[in-house]
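Each chain, letter by letter, is given below.
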Amino acid sequence: QVQLVESGGGLVQAGGSLRLACAASGFAFEAYAMSWVRQVPGKELEWLADINHTGDTTYYADSVKGRFTISRDNAKYTLYLQLRSLKPEDTAVYHCAPTEFHHNSSFWGPGTQVTVSS
């Protein structure tokens, strides 16, 4: 079955960095555009970044542009998100999903918690 498992979150101080990973299985990962999204409990989903299936085209939300980098390794069936210059408002659960389904939490992985302290 389709599985997406996020990892790499943790507690960091403002200004710090983390590298998140999303391990994919059960589908043709290399054929799908992928996205990262985040959510704070009780608040609306926030889209962060997209990457096309080959990894040569990316898009970012204004809130993270210049700080976050999305990438992928299709041979390893893995999606990445490099987080830099983290701010307390980046605190959230981070999820990966195929871009075309990113609005539907049924297609997300379980998520990884990022907590940024001031």
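Residues numbered from 1 in each chain as written. Predicted model: local features only at pLDDT ≥ 70, side-chain atom pairs only at ≥ 80, totals over all residues. Heavy atoms only, no water.

(A) Broad picture of the overall build of the protein. Each helix and strand counted, the protein has zero helices and 10 strands in total. Its helices and strands in sequence order give the protein the pattern β-β-β-β-β-β-β-β-β-β, from N to C terminus. Computed over the C-alpha atoms, the radius of gyration of the protein is 13 Å, within 12% of the 13 Å expected from 2.2 N^0.38 for a compact globule of 118 residues. Along the three orthogonal principal directions, the C-alpha set of the protein runs to about 40 × 30 × 20 Å. Burial status across the protein gives 41% buried among its 118 residues. Across the protein, the centroid of the 9 positively charged side chains sits 7 Å from that of the 11 negatively charged ones. (Helix = DSSP H or I, 4+ residues; strand = E, 2+ residues; numbered from the N terminus. Rg over C-alpha atoms; globule rule 2.2 N^0.38 Å. Buried < 20%, exposed > 50% of the residue type's maximum accessible area, 1.4 Å probe, protein only. Lys, Arg positive; Asp, Glu negative; His and termini not counted. Charge placed at Lys NZ, Arg CZ, Asp CG, Glu CD.)

(B) Fine view of the state of the cysteines. Per the stated rule, a full pass over the model turns up one disulfide. Two residues, Cys 22 and Cys 96, share a disulfide whose sulfurs are 1.9 Å apart. With the S-S bond torsion at 65°, the cross-link from Cys 22 to Cys 96 turns out right-handed. One end of the pair, Cys 22, is in strand β3 (residues 18-25); the other, Cys 96, is in strand β9 (residues 92-98), and 74 residues separate them in sequence. (Disulfide = S-S within 2.5 Å.)

(C) Representation of the environment of Gly 55 within the structure. Examined against the element boundaries, Gly 55 turns out to sit in the loop between β5 (46-51) and β6 (58-60). For Gly 55, a relative accessible area of 31% puts it in the partly exposed group. Sequence separation between Gly 55 and Asn 74 is 19 residues, and the spatial gap between their C-alpha atoms is 8.6 Å.

(D) Representation of the pattern of salt bridges in the model. A complete count under the given rule lists four salt bridges for this structure. Here Glu 46 makes a salt bridge to Arg 38, at a shortest N to O gap of 2.8 Å. Here Glu 46 falls in the partly exposed class, since its relative accessible area comes to 28%. The residue Arg 67 makes a salt bridge to Asp 90 at a minimum N-O spacing of 2.8 Å. Linking Arg 67 in the loop between β6 and β7 (68-73) with Asp 90 in the loop between β8 (78-83) and β9, this pair joins segments that are 23 residues apart in sequence. (Salt bridge = Lys/Arg side-chain N within 4 Å of Asp/Glu carboxyl O.)

(E) Structural view of the environment of Val 116. If you trace the backbone, Val 116 turns up in strand β10 (residues 112-117). Along the chain, Val 116 and Val 40 lie 76 residues apart, while their C-alpha atoms are 13 Å from each other. When near neighbours in sequence (up to four residues on either side) are disregarded, Val 116 contacts Val 12, Gln 13, Ala 14, Leu 86, Lys 87, Pro 88, Asp 90 and Thr 91. (Contact = heavy atoms within 4.5 Å.)

(F) Expanded view of the packing of aromatic side chains. Scanning the entire structure with this criterion turns up four aromatic pairs. Measuring from centroid to centroid gives 6.3 Å for Phe 27 and Phe 29, while their planes differ by 75°, and the two rings are edge-to-face. Phe 29 shares its class with Phe 27; the two are buried. Ring geometry for Phe 101 and Phe 107: centres 4.3 Å apart, planes at 15°, overall stacked. For Phe 101, a relative accessible area of 29% puts it in the partly exposed group. The residue whose ring lies beneath Arg 19 is Tyr 80, and the NZ or CZ to ring-centre distance is 4.0 Å. (Phe/Tyr/Trp six-rings, centres within 6.5 Å; stacked < 30°, edge-to-face > 60°. Lys NZ or Arg CZ within 6 Å of the ring centre and 35° of its normal.)

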